[in-house]
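Here are the chains, one letter per residue:
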Amino acid sequence: LTMATATVLNQPPSPLAPTATLPRPATWTHRPILLRTASSGEFQKVTYESSTTNINCGYPLGVPFNFESDLFQGKILFRVRGLGASHDKQSDEDYFKGRKRVFQTVIQGKFKKEIPVRDLMFGMESTKPLKAKPPVLINKGITALLKKVSPDVEMDLLSDTPFVLTTFAGGAQTIRVDNPGCEPDILSRDIQEENRGFGQLFMKENASSAKRKKILSNPKFAADYVFNDVMVYTFDQYDDVFDLAKYKMKFGRVVSIGMDRVTDEPHQVFAKTRGGEYLWNFEIWHERLYCKHCGEENQAADDDDQEIFVTPETSDMK
């Protein structure tokens, strides 16, 4: 990256909207969490059919809804384990049954113009310093470890505007590239990898997700691939560490960390170009964060949170 490119790539999002713009948690459709367009997402239009959902009290969870930006048009599905207020609780229970996963996001649609694979990034970015920063040596170790897994990763956890960004195609657990009309139902319990649509090294046979990640997270190889404006892309991402319903990161049966002890900003689901153009940008608030911002007593906090810094390892366990 040139210095100029890095400056644009690492530019923090616009400041979060004041807490006053958030409805009180008692009105949230999916309390204790609220899904909405991020404050830097004015570019994004969301539409869905519902006679029971107030858009000001959160977008649907458990069922897909449509969105559109200048660069992408499609639909998105959020599933959160243990969320009794889901729009399709039974479907969520069926999806999570027998799995360690606690959160899933599926995005499906078409790009409005061709975008180089290496140009599409995702991760986290903040307008505020972390409340629990890793020591310098541990930060260097984390960076080195992530560089081995994803050579294109860019990160800084110690600055006043911390971020972790890497190539989207090198990080998503499952990617499908289908001809229009052949794409899977995003409510499916199992979405299978299908990457022959990328062409070149993938053309002869459908590679495993692990092989696709290895190829497309390498800047040298990723530079040869694009997301075109013809095919339908499905991106399936899931997590077995970050429990959004409780707003904790869990490591095994013993250690859990309340994320409000690390940051006061909401969880992010976004993709953007290296030039800073967002394709989608959603944020998920938890009432623990609302309490932090408005100064109310945080009754949602648990006493068993471990106030230690832990380096999580993302699991691909089915």
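Residues numbered from 1 in each chain as written. Predicted model: local features only at pLDDT ≥ 70, side-chain atom pairs only at ≥ 80, totals over all residues. Heavy atoms only, no water.

A.B. asks: Is there a simple way to think about the side chain of glutamine 44 in this case?
C.D. replies: When you line up the elements, glutamine 44 lands in the loop between β1 (33-37) and β2 (45-47). Only 2.8 Å separates the side chain of glutamine 44 from the backbone nitrogen of asparagine 281, close enough to count as a polar contact. If we skip the residues at most four places from it in the chain, glutamine 44 touches Thr37, Phe67, Glu68, Leu279, Trp280, Asn281 and Phe282. (Helix = DSSP H or I, 4+ residues; strand = E, 2+ residues; numbered from the N terminus. Polar contact = N/O pair within 3.5 Å; in protein donor to acceptor, adjacent residues only side chain to side chain. Contact = heavy atoms within 4.5 Å.)

A.B. asks: Looking at this structure, how should I read the pattern of salt bridges?
C.D. replies: Any two side chains of opposite charge can pair if their charged atoms end up close together. As enumerated under the stated definition, the model contains 14 salt bridges in all. The residue glutamate 125 makes a salt bridge to lysine 272 at a minimum N-O spacing of 2.9 Å. On the criterion of sequence distance, the pair formed by glutamate 125 in strand β7 (residues 120-125) and lysine 272 in strand β16 (residues 267-273) is long-range, its members being 147 residues apart. Comparing glutamate 125 with lysine 272, the two get one shared label, buried. Across the salt bridge formed by lysine 131 and aspartate 264, the nearest N and O atoms sit 2.9 Å from each other. Of the two residues, lysine 131 is situated in the loop between β7 and α3 (136-149) and aspartate 264 in the loop between β15 (255-258) and β16; the sequence distance between them amounts to 133 residues. The exposure class assigned to lysine 131 is partly exposed, which follows from its relative accessible area of 43%. One network of salt bridges, in which partners are shared, links Arg118, Asp152 and Arg274. (Salt bridge = Lys/Arg side-chain N within 4 Å of Asp/Glu carboxyl O. Buried < 20%, exposed > 50% of the residue type's maximum accessible area, 1.4 Å probe, protein only.)

A.B. asks: Explanation requested: the nonpolar core in the structure shown.
C.D. replies: The tendency in soluble globular proteins is for nonpolar side chains to be buried as a group. By size, the foremost hydrophobic cluster in this structure holds 63 residues, and its most contacted members are Phe78, Phe111, Phe198, Phe227, Phe235, Trp280 and Phe282. Formed by five residues, the second largest nonpolar core is a distinct cluster that contains Met121, Phe163, Leu165 and Phe270. (Core = buried A, V, L, I, M, F, W, Y, C linked by side-chain atoms within 4.5 Å.)

A.B. asks: Teacher, can you tell me more about the sheet that holds β1 here?
C.D. replies: The strands that make up a sheet are held in pairs by hydrogen bonds between backbone atoms, and each pair lies either parallel or antiparallel. If you trace the six strands from one edge of the open sheet to the other, you get β1-β17-β16-β7-β9-β8, paired in antiparallel fashion. Of all strands in the sheet, those with a lone pairing partner are β1 and β8 (154-156), marking the two edges. The sheet shows a mean angle of 20° between the axes of neighbouring strands, taken without regard to direction. Pairing of β8 with strand β9 (residues 163-167) involves three bridges; the strand directions are antiparallel. Looking across to β9, one finds that methionine 155 is bridged to valine 164. (Pairing = 2+ DSSP bridges. Axes fitted to C-alpha atoms, helices over the stretch in contact; angles between N-to-C directions.)

A.B. asks: So what exactly am I meant to see when it comes to the sheet that holds strand β12 (residues 232-239) here?
C.D. replies: In space, the six strands of this open sheet follow the order β2-β3-β4-β5-β12-β10, with antiparallel pairing throughout. The open sheet is flanked by β2 and β10 (174-178), the only strands paired with a single partner. On average, adjacent strands in this sheet sit at an angle of 20° to one another, irrespective of strand direction. Pairing of strand β4 (residues 72-80) with strand β5 (residues 103-111) involves nine bridges; the strand directions are antiparallel.

A.B. asks: Help me understand helix α2 (residues 89-96) in this model?
C.D. replies: Each full turn of the α-helix corresponds to 3.6 residues, which orients residues three or four apart in the same direction. Considered for burial, the residues of α2 that qualify are Ser91, Asp92, Tyr95 and Phe96. Relative to the axis of α2, the buried residues are bounded by an arc of 125° and lie together on one face. Where the residues of α2 are buried, they touch β4, β5 and β12. Just beyond α2, the residue with positive phi is glycine 98, at close to 75°. (Arc of directions from axis to C-beta.)

A.B. asks: Hey, could you run me through the packing of aromatic side chains in this one?
C.D. replies: Two aromatic rings, taken as a pair, are described by how far apart their centres are and by the angle between their planes. Enumeration according to the criterion identifies 30 aromatic pairs in this entry. Measuring from ring centre to ring centre gives 5.8 Å for phenylalanine 65 and phenylalanine 282, while their planes differ by 75°; the resulting arrangement is edge-to-face. Pair noted here: phenylalanine 65 is in strand β3 (residues 65-68) and phenylalanine 282 is in strand β17 (residues 278-286), with a separation of 217 residues, a long-range link. Assigned by exposure class, phenylalanine 65 and phenylalanine 282 land together as buried. Residues phenylalanine 198 and tyrosine 225 carry aromatic rings whose centres are separated by 6.5 Å and whose planes lie at 90° to one another, so their mutual orientation is edge-to-face. You can see phenylalanine 198 sitting in the loop between β10 and α4 (209-216) and its partner tyrosine 225 sitting in the loop between α5 (219-222) and β11 (226-227), a full 27 residues away along the chain. A single burial state applies to phenylalanine 198 and to tyrosine 225, both of which are buried. For the cation-ring pair, arginine 101 lies above tyrosine 238, with the distance from its terminal atom to the ring centre recorded as 3.6 Å. (Phe/Tyr/Trp six-rings, centres within 6.5 Å; stacked < 30°, edge-to-face > 60°. Lys NZ or Arg CZ within 6 Å of the ring centre and 35° of its normal.)

A.B. asks: Just checking my understanding: could you explain the side chain of arginine 212 for this structure?
C.D. replies: Considering the arrangement of structural elements, one finds arginine 212 in helix α4. The exposure class assigned to arginine 212 is buried, which follows from its relative accessible area of 0%. A distance of 2.8 Å separates a polar atom in the side chain of arginine 212 from the backbone oxygen of alanine 172. Setting aside residues up to four positions removed in sequence, arginine 212 forms contacts with Ala169, Ala172, Gln173, Thr174, Ile175, Glu193, Asn195 and Phe202.

A.B. asks: In this structure, what is going on with the pairing of β15? I would like to understand it.
C.D. replies: Along any regular strand the residues' side chains alternate between the sheet's two faces. Sheet topology note: the strand β14 (residues 248-251)/β15 ladder contains four bridges and is antiparallel. Among the inter-strand pairings, methionine 249 is bridged to a residue of β15, identified as isoleucine 257. Counting the residues in the hairpin turn of β14 and β15 gives three residues, including glycine 252, whose phi is positive at 70°.

A.B. asks: Just checking my understanding: could you explain the pairing of β14 for this structure?
C.D. replies: Of the pairings in the sheet, the one linking strand β13 (residues 242-243) to β14 comprises two bridges and is antiparallel in character. Residue pairing for β14: aspartate 243 is matched across the bridge by lysine 248.

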